[in-house]
Amino acid sequence: MDPTTHLPLAPRDLLILAVLAEGPLHGYGLIKAVEARSSSGVLLDPANLYRVLRRMRAMGWIAEAGDSDERRRTHRITAAGSAILRAELGRLERLLAQARPAVAGGG
Amino acid sequence: MNTRTALAVRLYRALAGLLPPDARDDRDAMVWTLEALRAGAPGSFERLALTARCVAALVAVLVVEWLDFLGVRRTSGGIHGHGRGGMGARNLRYALRTLRRAPAFSLTSILLVAVGVGAVTTIFTLVDHVLLRPLPYPDAGRLVSLDHGSFQGPLFRELSMVPGVQEWAGAWTDRINLVGEGDPLRLEQARVSENFFDLFGGRAQRGRLLRPGDFASANVVVLDAGAWQRIFGGDPSVIGRTIHLDDEPVTVVGVMDAGFTPPEPIVGRRVDVWRPLDWSVEELNRHDTQVLEIAGRLASGTSVASVQAGVDALLARMADAYENYRTRDGTPRSVPVVALADMTVRGVRTGLGLLMGAVSLLLLIACANVANLFLARGLGRTREMAVRRALGAGGGTLAVQLMVESLVVGVGGGLLGSALAWNGIRAFVALNPTALPRQASVRIDPQVLVFAIGVSVLTSLVFGLLPALRSVRQELADELRGAGRSATSGRGVSLLRNGLVAGEVALSLVLVAGAGLLLRSFLAVRAQDPGFAIEDVWTVPLNLPQPDSPEEYRETMDAVLRQALAVPGVRTAAYGLTVPMDRVGGSRCCWGSRPKLPGREEDRALDAMLHPVSVDYLETVGIEVVAGRSWTVAEVNVDPMSLVVNETLAREMAGTPEAALGMETEVGRLQAVVVGVAADNRHYGLDQNIGNQLYLPVERLPFALPLATLVVRVEPGANASMPRALRAAVWAAVPSLPVTTVRSMREAVDASTAGRRFESVIFGAFAAVALLLAAGGLYGTLLYLASQRRRELGIRLALGASRGRIEVQLLRAGFVLALVGIAIGLGASWLSNRLLESRIWGVERSDPLALGGAAVVLLVTAILASWLPARRAGRVDPVETLRIE
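Keep in mind that what you see is a predicted model, and the values were worked out from it rather than measured.

Attention shifts here to the overall build of chain B. The number of helices and strands found in chain B is 29 helices and 21 strands. By residue count, 52% of the 885 residues in chain B fall in the buried class. The contacts in chain B between residues at least 6 apart in sequence include a share of 80% that link residues at least 24 apart.

We now examine the pairing of strand E8 (residues 273–276) of chain B. All names here are of chain B. Residues Val-273 and Arg-275 point to one face of E8 and Trp-274 and Pro-276 to the other, with burial holding for every one of them. Both strand E3 (residues 185–192) and E8 contribute to a ladder of four bridges, which runs parallel. Looking across to E8, one finds that Val-192 is bridged to Pro-276. One ladder, built from two bridges, connects strand E5 (residues 220–223) with E8; its direction is antiparallel. Among the inter-strand pairings, Leu-223 is bridged to a residue of E8, identified as Val-273.

Turning our eyes to something else, we now look at unusual backbone geometry. Residue and element names in this part refer to chain B. Cis geometry is adopted by the peptide bond preceding Pro-640, which originates at Asp-639 and carries an omega value of -10°. Even without being glycine, Asp-139 reaches a positive phi, approximately 50°. You can call Asp-139 partly exposed: its relative accessible area is 44%. Of note in the backbone geometry, Asp-247 takes a positive phi value of approximately 70° without being a glycine. Its place among the elements puts Asp-247 in the loop between strand E6 (242–245) and strand E7 (248–256).

Turning to the interface of chain B and chain A, a few remarks are in order. Facing the 30 residues of chain B at the interface are 30 residues of chain A. Run the count over chain B and chain A and you get three salt bridges. Here B:Asp26 and A:Arg57 are joined by a salt bridge, their closest N and O atoms 3.7 Å apart. Taken together, the links from chain B to chain A amount to three residue pairs in polar contact (both at pLDDT 80 or more). Listed by contribution, the elements that provide at least two residues to the side of chain B that touches chain A are helix H2 (21–24), helix H3 (27–40) and helix H4 (44–69) of chain B. Sorting elements by how many residues they give to the side of chain B that touches chain A places H3(B) first, with 10 residues.

What follows concerns the nonpolar core. By size, the foremost hydrophobic cluster in this structure holds 79 residues, and its most contacted members are B:Ile123, B:Leu126, B:Val130, B:Leu352, B:Phe428, B:Leu511 and B:Phe763. Setting aside residues up to four positions removed in sequence, B:Leu352 forms contacts with B:Ile123, B:Leu126, B:Val127, B:Val130, B:Leu131 and B:Leu436. Judged by nonpolar contacts, the second largest core, of 45 residues, contains A:Leu30, B:Val9, B:Leu37 and B:Leu50.

The next subject is the confidence of the model for chain B. All names here are of chain B. The predicted model of chain B has a mean per-residue pLDDT of 83, with 90% of residues at 70 or higher. This stretch, residues 73–85, has a pLDDT under 50; its non-local contacts, to residues over four places away or in other chains, come to 28 contacts. Every residue in residues 482–487 is under pLDDT 50, and counting partners more than four places away or in other chains gives seven contacts. The complex model carries a pTM of 0.68, and its ipTM stands at 0.89.

Let's shift gears to the sheet that holds strand E2 (residues 62–64) of chain A. Residue and element names in this part refer to chain A. What the three strands build is an open sheet, ordered E1-E3-E2; its pairing is antiparallel. This sheet does not close on itself; its edge strands, each paired only once, are strand E1 (25–26) and E2. Contacting E1, E2 and strand E3 (74–77), helix H1 (residues 11–21) crosses the sheet at an angle of about 90° to E3. Strands E2 and E3 of the sheet are contacted by helix H3 (residues 46–59), whose axis makes an angle of about 105° with E2.

So, on to the side chain of B:Thr572. Residues and elements named next belong to chain B. On the secondary structure map, Thr-572 appears in strand E12 (residues 570–576). Given a relative accessible area of 15%, Thr-572 falls into the buried group. Among the polar contacts listed, one links the side chain of Thr-572 to the side chain of Thr-620, at a separation of 3.2 Å. Once residues lying within four places of it in the same chain are set aside, the contact partners of Thr-572 are Leu-565, Glu-619, Thr-620, Val-711, Val-712 and Arg-713.

Here the focus is the packing of aromatic side chains. All names here are of chain B. Per the stated rule, a full pass over the model turns up 14 aromatic pairs over all chains. For the pair Phe-196 and Phe-197, a centre-to-centre distance of 5.4 Å together with 90° between the ring planes defines the contact as edge-to-face. Pair check on accessibility: Phe-196 and Phe-197 agree, each one buried. By way of ring pairs, the aromatic residues Tyr-137, Phe-196, Phe-197, Phe-200, Phe-260 and Trp-274 are connected into one cluster. When the ring centre of Trp-172 is taken as origin, the NZ or CZ atom of Arg-191, which lies over that ring, is 4.3 Å away. Over the aromatic face of Trp-830 sits the side chain of Arg-845, whose NZ or CZ is 5.3 Å from the ring centroid.

This paragraph deals with the pattern of salt bridges. Under the criterion given, the structure shown has 33 salt bridges over all chains. The shortest N-O distance in the salt bridge between A:Glu35 and A:Lys32 comes to 3.8 Å. Taken together, the residues span about one helical turn, with A:Glu35 and A:Lys32 both in helix H2 (residues 27–37) at a distance of three residues. Owing to a relative accessible area of 35%, A:Lys32 belongs among the partly exposed residues under this scheme. Measuring nitrogen to oxygen at the nearest pair gives 3.3 Å for the salt bridge that ties B:Glu248 to B:Arg275. With B:Glu248 in strand E7 and B:Arg275 in strand E8, the pair connects residues that are 27 residues apart, well separated along the chain. Accessibility expressed as a relative area gives 37% for B:Glu248, which makes it partly exposed.

Moving on to a negative patch on the surface. A grouping of B:Asp548, B:Glu551, B:Glu552, B:Glu555 and B:Asp558 is seen on the molecular surface, where their side chains present a negatively charged patch. Take B:Glu552: it is sitting in helix H20 (residues 550–566).

All names here are of chain B. Side chains Leu-143 and Ser-145 of strand E1 (residues 143–146) all project onto a buried face; the interleaved residues Val-144 and Leu-146 project onto the opposite face, where all are buried too. In this structure, E1 lies alongside strand E10 (residues 337–339), joined through three bridges in antiparallel fashion. Looking at the pairing, Val-144 lines up with Ala-339 of E10.

Residues and elements named next belong to chain B. There is a patch of nonpolar side chains on the surface, built from Leu-407, Leu-458 and Leu-461 and spanning about 250 Å² of accessible area. You can see Leu-458 is positioned in helix H17 (residues 446–473). With a relative accessible area of 56%, Leu-458 lands in the exposed category.

All names here are of chain B. Looking at the element boundaries, Ala-818 is found in helix H27 (residues 803–832). Considered as a pair, Ala-818 and Gly-503 are 315 residues apart in the sequence and their alpha carbons are 9.3 Å apart. Not counting residues up to four positions away in its chain, the partners in contact with Ala-818 are Val-505, Leu-859 and Ala-862.

Bringing the environment of B:Glu552 into the picture now. The partly exposed category is assigned to B:Glu552, whose relative accessible area is 31%. Separated by 152 residues in the primary sequence, B:Glu552 and B:Ala704 place their C-alpha atoms 7.9 Å from one another.

Residues and elements named next belong to chain B. At a minimum axis distance of 8 Å, the contact between H27 and helix H28 (residues 848–874) shows a crossing angle of 155°. The angle between H27 and H28 falls in the class roughly antiparallel. Considering only the axes of H27 and H28, their crossing is right-handed. Here the contact of H27 with H28 is composed, by residue class, of 19 nonpolar, four polar and three charged.

Residue and element names in this part refer to chain B. Listed in full, the buried residues belonging to helix H10 (residues 225–232) are Ala-225, Ala-227, Trp-228 and Phe-232. Viewed end-on, H10 has its buried residues packed into an arc of 165°, placing them on one side of the element. Check the buried side of H10 and you find it contacts strand E4 (204–207), E5, E6 and E7. Between the side-chain oxygen at the start of H10 and the backbone nitrogen of Gly-226 there is a gap of 2.9 Å, and the oxygen is on Asp-224. Gly-233 sits one or two positions beyond H10 and adopts a positive phi of about 60°.

All names here are of chain B. Packing of helix H25 (residues 745–788) against H27 brings their axes to within 11 Å, and their N-to-C directions diverge by 145°. Regarding H25 and H27, the two cross each other, and that crossing is right-handed. Contacts between H25 and H27 involve Leu-778, Leu-782, Leu-785 and Ala-786 from the former and Leu-810, Ala-813, Gly-814 and Leu-817 from the latter. For the contact of H25 with H27, a count of residues per class yields seven nonpolar, one polar and no charged.

Reading the values: the criteria
Residues numbered from 1 in each chain as written. Chains lettered and ligands numbered in written order. Predicted model: local features only at pLDDT ≥ 70, side-chain atom pairs only at ≥ 80, totals over all residues. Heavy atoms only, no water. Helix = DSSP H or I, 4+ residues; strand = E, 2+ residues; numbered from the N terminus. Buried < 20%, exposed > 50% of the residue type's maximum accessible area, 1.4 Å probe, protein only. Contact = heavy atoms within 4.5 Å. Pairing = 2+ DSSP bridges. Salt bridge = Lys/Arg side-chain N within 4 Å of Asp/Glu carboxyl O. Polar contact = N/O pair within 3.5 Å; in protein donor to acceptor, adjacent residues only side chain to side chain. Core = buried A, V, L, I, M, F, W, Y, C linked by side-chain atoms within 4.5 Å. pLDDT = per-residue confidence, 0-100. Axes fitted to C-alpha atoms, helices over the stretch in contact; angles between N-to-C directions. Phe/Tyr/Trp six-rings, centres within 6.5 Å; stacked < 30°, edge-to-face > 60°. Lys NZ or Arg CZ within 6 Å of the ring centre and 35° of its normal. Patch = residues over 30% accessible without salt bridge, like charges linked within 9 Å, V, L, I, M, F, W, Y side chains within 5 Å. Areas by Shrake-Rupley, 256 points an atom, 1.4 Å probe, with all protein chains shown as cover. Lys, Arg positive; Asp, Glu negative; His and termini not counted. Charge placed at Lys NZ, Arg CZ, Asp CG, Glu CD. Parallel < 35°, antiparallel > 145°, perpendicular 65-115°, else oblique. Left-handed = near helix turned anticlockwise from the far one by under 90°. Nonpolar A, V, L, I, M, F, W, Y, C, P; charged D, E, K, R; others polar. Arc of directions from axis to C-beta.

What follows is the structure in structure tokens.
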């Protein structure tokens, strides 16, 4: 699978993958971690979060962690998910590298 | 707070349950996450905001998930579809974005829909559970009951001859005292025939129900589940034990299933003990004693009419054989065969129907308001629409988009409305003083949720369709041309908007006038002179263990009287078979009589209610003696018996109260003479007819009674101690006598009008909401009118028109709209108040005060609602307005 077909990622999805890359988490932990990271205020609610998680599961980017129980579903990132995350970060870095000199020059 | 938080989470859980199957697995995790988030919120406001946000997001996700599930939208390509989705999802996303950009508009619309849907759903839930659902019995559709009172035992036995009926069951209900289990208790007892539990599908929770063998000895009892818990704390060892009911030892053989609902028309709402009908009891074998309530199940395929014919034929035969089955004019007694379901809800059908009508009006008003909002918003977006059409969007596409917007508002409002209904239904059941039949089973369930959503979708179609159609029909060129200047609405639209506002005013007037009529009835009832004392009078209904003789009854009651008189603060004490407000409403306890007058034909005999009372009764209850006097202790046993008649009866007998004194008559089989005339009083309720009433010495009753009500008149300062002191007094006289209630006459009178008060309060609440909605509609319309004509007003002001003039002009516009609405509303309410006829008392349905008052209320509301926009129009700064243009 070529990860680039799925790019660009929405900021919310990027943040979720980034948070999961550091270790498995359940829904509440994910919401808290995402909120803590995005001072610009990516607000997550359970309904949208689990909707995104369902999609990511279906795409094979994440999977349920082994010790997951019904009430506190815990997810971990898969190899495919890591690939997507790396691809998106790379894309953003290239983008930044191209944009930064322009801003610096114009300012 | 705790219950509300729980409620929010429950609502969230219920909503999450509506997710499509593939997403529902996450429900528990979602709810758990929400709970964790809520627990982490720093304050209650943050918690509320968080919850609201999460619920709103869930609603949006719900819609999108279902679209995915139904394949409307294909999203396998990405996590979120960057416009790659199908039509439905794209429209939805667009609608959500548009609505989010106009939060005031969206919130107002959603709230309006929620109010309407919430009110309708609340009342519909009641209607559904109380009126529409089949009774909880096997083959409930085929259950019938005999109407018009109770029946004789011998008639019940003959009923098996009526063809077309599978089985009949009868029940004899009364009250009985349980002694020897702590404080004496008064229990509701039902003695039922053998096949009663077959007919109604009763099951035993423990032990067994009644067996055929039980009916021979009749010394067993089955406890109701509630009574078992209440009295015996759910102790299973009570089965097999012997308990004492009115001194009679009976063995407990089982406990009824907790889910069993007693058939109300047959045994009443509550039954504590079920016992076999003892056919050896004399009353059950007499032709002149009517004790049984009867129900039956039709054979399948039999019509009620054919059974009615069979019952009529049987009654005709009985009437030929026995006098007791004939009416006064000699014809057989008429006994309608009625579906049990109809009989159960007969008393509440019109009331609930009325409420349903009221909330439907409310929903209509809310709809009109939202439609108006959408129209106004549509006008504000003409430029947007024109540009989009110029860029190639078809009229149909735009209309669909607008419809999706209104659908989103409708569904959002519907969900919020369901939450309102959830609370509303509890509040209604808790506050309603007149218990509804089957109300224990009333709750919000998925079916009702479906109803609420259905109503909202329908509602949104109604209010969304007009604006959407308009956007399709609009000429593109006109819009683009108009877009350069401030858009003015076409004639058709303003007519429509005005019509909607006038309609709102009219509908509100119907509700306000209805509330006014109910309030006037309530006040009229309260203003009635009861004819007896309300303050400082206390009553204690007693249920004596079946006394063996009239003497025993009298001795017991005399002992109670002596103890009551010894209570400090009690001035006088008396007792009667019943006292005022004891039996409120239609049921007239306990006997009527036709006192015979010399010189009058039998057929002109007078119907009167008999009140057997003790010596000081009239004085104690505070009924004035307007002529003659009451009897004394010495006269109790003197013949002819002393009688006191009420004023109505005295006038009927002799023309004036004075002329009735000394008249001789015959009551029952006793010769009697009228010694006094009592002032008329409303014994059976403030809104009941006075009728002919007759007081006679209780000592002269030739048979023993199981009932009496003690009544005392106390010093004004002694009221506080009465409940406890009177209870103690009764127990000092008869230790085993249960005292269920000690009630002041004030309480009794208040309770008797509580139903009317509730009705007028709830109607008043609906009317107030309707007024608010109509005022909002008017306000919005005029505000919009003013902002549309800003340019014109600015120019006129610049040219020297006075601000006052402009204000008056706008006020007049609102005034005219209101007047048109009021005129229509007056007509509508004159027609629709016919439906209120059975609920109002002491006022005409065309009561000018109620109708006129409603008109004035609406007019004042309309002026207030127009005044603010008018002032705002008058404040327009001409320079600034023209500069904008």
